[in-house]
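Fold and geometry: a report
Each chain, letter by letter, is given below.
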Amino acid sequence: MTEYCFPRHVRLLNAEDYQSVFNDTSSKVFAGEFLLLARKREDDQARLGLIVAKKTDKRAVGRNRIKRLVRDSFRHNQTLLAGMDIIFLSRQGIKELDNPTLHKRLAKAWDQLAKKSKKTTSNQKRTHSTQK
């Protein structure tokens, strides 16, 4: 049960962490109502940062619902996303999605992000081997 918690070491905590992902994005997944940005890490830890602006939902209860669902989905897909810092950016229209639909879209987006991450890692390995 402890592997599905959301402790401090799996969160992006400060502006420096967020800025490093924005500056060095290796993978992006756009899913209509949200955007995922990811950067490779040296270790196998997956970390998540959330940006849910007032523009997407004026009421705090709606923004908190979105964040709760994203955190829950991330917890269940943490092993798939090992070795990445990820930022979740909400977009206009996300508040109209019901919980099961958002959960399905997130699961699909995590899979796409993992595939893209593996692709960029294999491309980087090929590039390094051809340069030597």
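Please refer to the structure higher up on the page.
Notes on the structure follow. Predicted model only: the values in this text are computed from it and were never measured. Starting afresh in each chain, residues are numbered from 1 along the sequence in its written order. Where totals are concerned, whole chains, interfaces and linings use all residues; where local detail is concerned, this predicted model gives features only for residues with pLDDT of at least 70, and gives and counts side-chain atom pairs only at 80 or more. Note that water and hydrogens are dropped before the side-chain values are worked out from all heavy atoms of the structure.

Two strands make a pair as long as DSSP finds a minimum of two bridges between them. Counting from the N terminus, the helices are the DSSP runs of H or I reaching at least four residues and the strands are the DSSP runs of E reaching at least two. A sheet is described by the order of its strands in space; here four strands give the open sequence 1-2-4-3, paired in mixed fashion. The two strands at the open ends of the sheet, each matched to only one other strand, are strand 1 (27-30) and strand 3 (47-51). Going across the sheet, the axis of each strand differs from the next one's by a mean of 15 degrees, ignoring polarity. The pairing of strand 3 with strand 4 (residues 84-90) spans five bridges and is classified as parallel. Looking at strand 4, one finds that Gly 49 is bridged to Ile 87. Lying over the sheet, helix 2 (residues 60-76) contacts strand 3 and strand 4, oriented at roughly 165 degrees with respect to strand 3. What counts as an axis is a line fitted to C-alpha atoms, over the stretch in contact for a helix, and the angles between N-to-C directions run from 0 to 180 degrees. By definition in these notes, contact holds between two residues if any of their heavy atoms fall within 4.5 Å.

This part takes up the nonpolar core. Take the buried residues of types Ala, Val, Leu, Ile, Met, Phe, Trp, Tyr and Cys, join any two whose side-chain atoms come within 4.5 Å, and each joined set is a nonpolar core. Buried residues are those whose accessible area, probed at 1.4 Å on protein chains only, stays under 20% of the maximum for their type, while exposed residues exceed 50% and partly exposed ones sit between those limits. One finds Ile 86, Phe 88 and Trp 110 to be the most contacted residues of the largest nonpolar core, which totals 26 residues. Mapped onto this core, the elements with two or more residues apiece are strand 2 (34-40), strand 3, helix 2, strand 4 and helix 3 (99-131). Looking at this core element by element, the count peaks at six residues for helix 3. The next biggest cluster of nonpolar side chains, apart from the first, holds seven residues, and it includes Leu 12, Tyr 18, Val 21 and Leu 35.

So, about the pairing of strand 3. The element strand 3 is extensively covered by neighbouring structure, given that four of its five residues are classed as buried. The β-α-β motif built from strand 3, the intervening helix 2 and the parallel element strand 4 has left-handed crossover chirality. When the strands point away from the viewer and the path from the first strand over the helix to the second turns clockwise, the crossover is right-handed.

Let us look at the pattern of salt bridges. A pair is scored as a salt bridge if a Lys or Arg side-chain nitrogen falls within 4 Å of a carboxyl oxygen belonging to Asp or Glu. If you walk through the whole model with that rule in mind, you get seven salt bridges. We note a salt bridge from Asp 85 to Arg 39, for which the minimum N-O separation is 3.3 Å. Remark: Arg 39 occurs in strand 2 and Asp 85 occurs in strand 4; sequence separation between them is 46 residues. For the salt bridge of Arg 75 with Asp 72, the shortest nitrogen-to-oxygen distance reads 3.6 Å.

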